[in-house]
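Report on the structure
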Amino acid sequence: MIRGLTKSIIPVLFLVLFSSSRTNYSIQDDKYQKVRQRMVREQIVARGIKDQKVIQAMIKVPRHLFVPEAYERMAYEDRPLPIGEGQTISQPYIVALMTELLELTPNTKVLEIGTGSGYQAAILGELVNEVYTIEIVEILGQTSSQLLSDLGYKNIHVKIGDGYKGWPEKAPFDAIIVTCAPSDIPKPLENQLKEGGKMIIPLGGSIVQELILLEKKNGDLIKKVVAPVRFVPMVRHDGIRY
Ligand code: SAH
């Protein structure tokens with residue numbers, strides 16, 4: 001009986017593991033290409049995103065691979081989606097907006113806090129030479145790191161750890177993007193931002209926050225409020241919110 005079962009399960013497992021590999025990705029036979037172009041037109045360009053490089057990156061990166069398979073068909077909708085462990089992948093427009101505000105050039109060295117699905121990191125990886133990204137939930141960090149390397153991103157470095165502390169060995173950074181929300185600006189991140197550099201960060205309560213754009217000028221942070229947003233909280237290893 002057990003033998004029979006094993007015999008019938010093995011081919012099924014083989015099929016599941018190898019034939020439907022989502023990361024065996026080729027843009028030519030991407031059935032979501034049209035849907036993704038529509039997403040960019042209707043959600044990104046229509047709302048005022050103008051940076052052509054950001055737009056091209058959003059057209060290129062296969063967002064559906066960054067969400068759990070069960071949500072694949074919703075990947076291009078105008079909303080955040082669950083990615084497991086109580087976390088979410090941000091709404092496409094917010095990803096585009098935060099990216100555009102950093103005014104990236106290929107030489108901008110970027111630090112992201114909150115790798116999550118790896119989607120925002122992939123968008124950054126299309127635009128700059130070096131991306132450093134930190135995720136506190138081990139399984140999310142491992143999964144996104146694997147996916148990013150399967151998709152060929154050699155310029156994205158994923159670290160599992162507490163992003164509040166930044167990545168001192170790789171500092172300073174020209175740009176910092178924080179995709180989880182603390183109540184105040186983490187001092188280590190402020191210190192690791194280069195003079196003239198920009199940081200985009202949601203700040204405020206645990207449910208709603210303000211998206212803030214900071215620029216370091218003569219050692220001070222110049223602050224601009226961008227929009228109300230809703231991000232998951234930035235937490236410590238013990239789960240307590242910063
Ligand atoms: N940029 C992500 C959004 C993920 S949601 C994407 O494109 O999918 C925010 C992520 O921040 C979650 O995965 C959460 O686990 C992570 N996070 C929360 N606190 C953190 C901390 N102190 N350091 C690093 N990551 C943190």
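Let me sum up the structure you'll find in this document. Everything numeric in this text was worked out from a predicted model, so none of it was measured. Residue numbering note: each chain is counted from 1, following its sequence as written. Only residues with pLDDT of 70 or above have their local features reported here, since the model is predicted, and side-chain atom pairs are shown and tallied only from 80 upward, although totals for entire chains, interfaces and linings are computed over all residues. Computation of side-chain values covers all heavy atoms of the structure but excludes hydrogens and water.

Turning to the site of the ligand, a few remarks are in order. Only a single heavy atom is needed: when it lies within 4 Å of a molecule or strand, its residue is near that molecule or strand. Of all residues adjacent to the ligand, which total 25 residues, the nearest are Glu-112, Ser-117, Glu-135, Gly-163 and Val-235. What qualifies as a polar contact is a pair of N or O atoms within 3.5 Å, subject to a donor-acceptor requirement within protein and to the restriction that residues adjacent in sequence count only when both atoms come from side chains. A distance of 2.6 Å separates an oxygen atom of the ligand from a polar atom in the side chain of Glu-135. Within the side chain of Asp-162, a nitrogen or oxygen atom sits 2.9 Å from a nitrogen atom of the ligand. Protein chains bury 99% of the 580 Å² of accessible surface belonging to the ligand in isolation. To be clear on the numbers: accessible area is Shrake-Rupley with a 1.4 Å probe, and residue cover counts the displayed protein chains and nothing else.

What follows covers the side chain of Thr-115. Elements are defined by DSSP. Helices are runs of H or I of four residues or more, strands are runs of E of two residues or more, and each kind is numbered from the N terminus. Mapped onto the elements of the fold, Thr-115 is located in the loop between strand S3 (109-113) and helix H5 (119-127). Working rule for contacts: check all heavy atoms of both residues, and any pair within 4.5 Å makes them a contact. The residues touching Thr-115, leaving out its near neighbours within four places in the chain, are Thr-133, Ile-134, Glu-135, Ser-144 and Val-158.

Let's shift gears to the pairing of strand S5 (residues 156-160). Two strands pair if DSSP finds at least two bridges between them. Sheet topology places strand S4 (residues 130-135) next to S5; 5 bridges connect them, and they run parallel. Paired with Thr-133 across the bridge in S5 is Val-158.

Before going further, it helps to spend a moment on the nonpolar core. Ile-49, Met-58, Phe-66, Leu-104, Tyr-119 and Ile-123 are the most contacted members of the largest nonpolar core, which totals 49 residues. Counting only elements with at least two residues in this core, the list comes to helix H2 (33-45), helix H3 (52-60), strand S1 (81-84), helix H4 (92-101), H5, helix H6 (138-150), strand S6 (173-178) and strand S8 (209-217). Sequence-distant contacts of Ile-123, defined by excluding residues within four places in its chain, comprise Ala-57, Met-58, Val-61, Val-95 and Thr-99. The set of buried Ala, Val, Leu, Ile, Met, Phe, Trp, Tyr and Cys residues whose side-chain atoms join them within 4.5 Å is what this entry labels a nonpolar core. Note on exposure labels: buried denotes an accessible area under 20% of the residue type's maximum, exposed denotes more than 50%, and partly exposed covers the range between, all computed with a 1.4 Å probe on protein chains only.

Strand order in the open sheet made by the 7 strands is S5-S4-S3-S6-S7-S8-S9, with mixed pairing throughout. At either margin of the open sheet sits one strand with a lone partner, and together these are S5 and strand S9 (220-229). Taking each pair of neighbouring strands and ignoring which way they run, the sheet shows an average axis angle of 15°. Sheet topology note: the S6/strand S7 (residues 193-204) ladder contains 4 bridges and is parallel. Note on S7: the bridge partner recorded for Phe-173 is Leu-193. Note on geometry: axes are lines fitted to C-alpha atoms, helical ones only across the stretch in contact, with angles between N-to-C directions running from 0 to 180 degrees.

Moving on, we get to H6. Quick reminder: α-helices carry 3.6 residues per turn. Residues three or four places apart thus point the same way. The first and last C-alpha atoms of H6 sit 18 Å apart over 13 residues, in line with the 18 Å expected at 1.5 Å per residue. Residues of H6 that are buried include every one of Leu-140, Gly-141, Ser-144, Leu-147 and Leu-148, and no others. Summarising the axial view, the buried residues of H6 lie within an arc of 140°, below the 170-degree limit, and thus occupy one face. Phi turns positive one or two residues past the end of H6, at Gly-152, with a value near 95°. Here the expected span of a helix is defined as 1.5 Å times the quantity of residues minus one. Within this analysis, the arc is defined by the directions that extend from the helix axis to the C-beta atoms.

This brings us to the packing of aromatic side chains. Note on aromatic pairs: the rings of Phe, Tyr and Trp (six-membered ring only in Trp) are paired at centre separations within 6.5 Å, and the planes decide the class, stacked below 30 degrees, edge-to-face beyond 60, tilted for the rest. Under the counting rule described, the total for this entry stands at 5 aromatic pairs. Seen in terms of ring centroids, Tyr-132 and Trp-167 are 5.3 Å apart; in terms of plane orientation they differ by 80°. Their pairing is edge-to-face. Residue Tyr-132 is found in strand S4, and its partner Trp-167 is found in the loop between S5 and S6; the two are separated by 35 residues along the sequence. On the accessibility criterion, Trp-167 (9% relative accessible area) is buried. Grouped by ring-pair contacts, the aromatic residues Tyr-132, Trp-167 and Phe-173 constitute a single cluster. Comment: the charge-over-ring label is applied if NZ (Lys) or CZ (Arg) is within 6 Å of the ring centre and within 35 degrees of the ring normal. When the ring centre of Tyr-93 is taken as origin, the NZ or CZ atom of Arg-47, which lies over that ring, is 5.2 Å away. The aromatic ring of Phe-173 is capped on one face by Lys-109, whose charged end is 5.5 Å from the ring centroid.

It is worth spelling out the pairing of S9 at this point. Judged from the 9 bridges that link them, S8 and S9 form a sheet pairing that is antiparallel. Paired with Gln-209 across the two strands is Val-229, which belongs to S9. Between S8 and S9, which follow one another and run antiparallel, lie 2 residues, and Asn-218 among them has a positive phi close to 50°.

Looking at the secondary structure, you find Pro-82 in strand S1. Taking relative accessible area as the criterion, Pro-82 reaches 30% and is therefore assigned partly exposed. Residues Pro-82 and Asn-155, 73 residues apart in the sequence, show an inter-C-alpha distance of 26 Å. Those residues in contact with Pro-82 that sit more than four places away from it in its chain are Pro-68, Tyr-71, Gln-87 and Thr-88.

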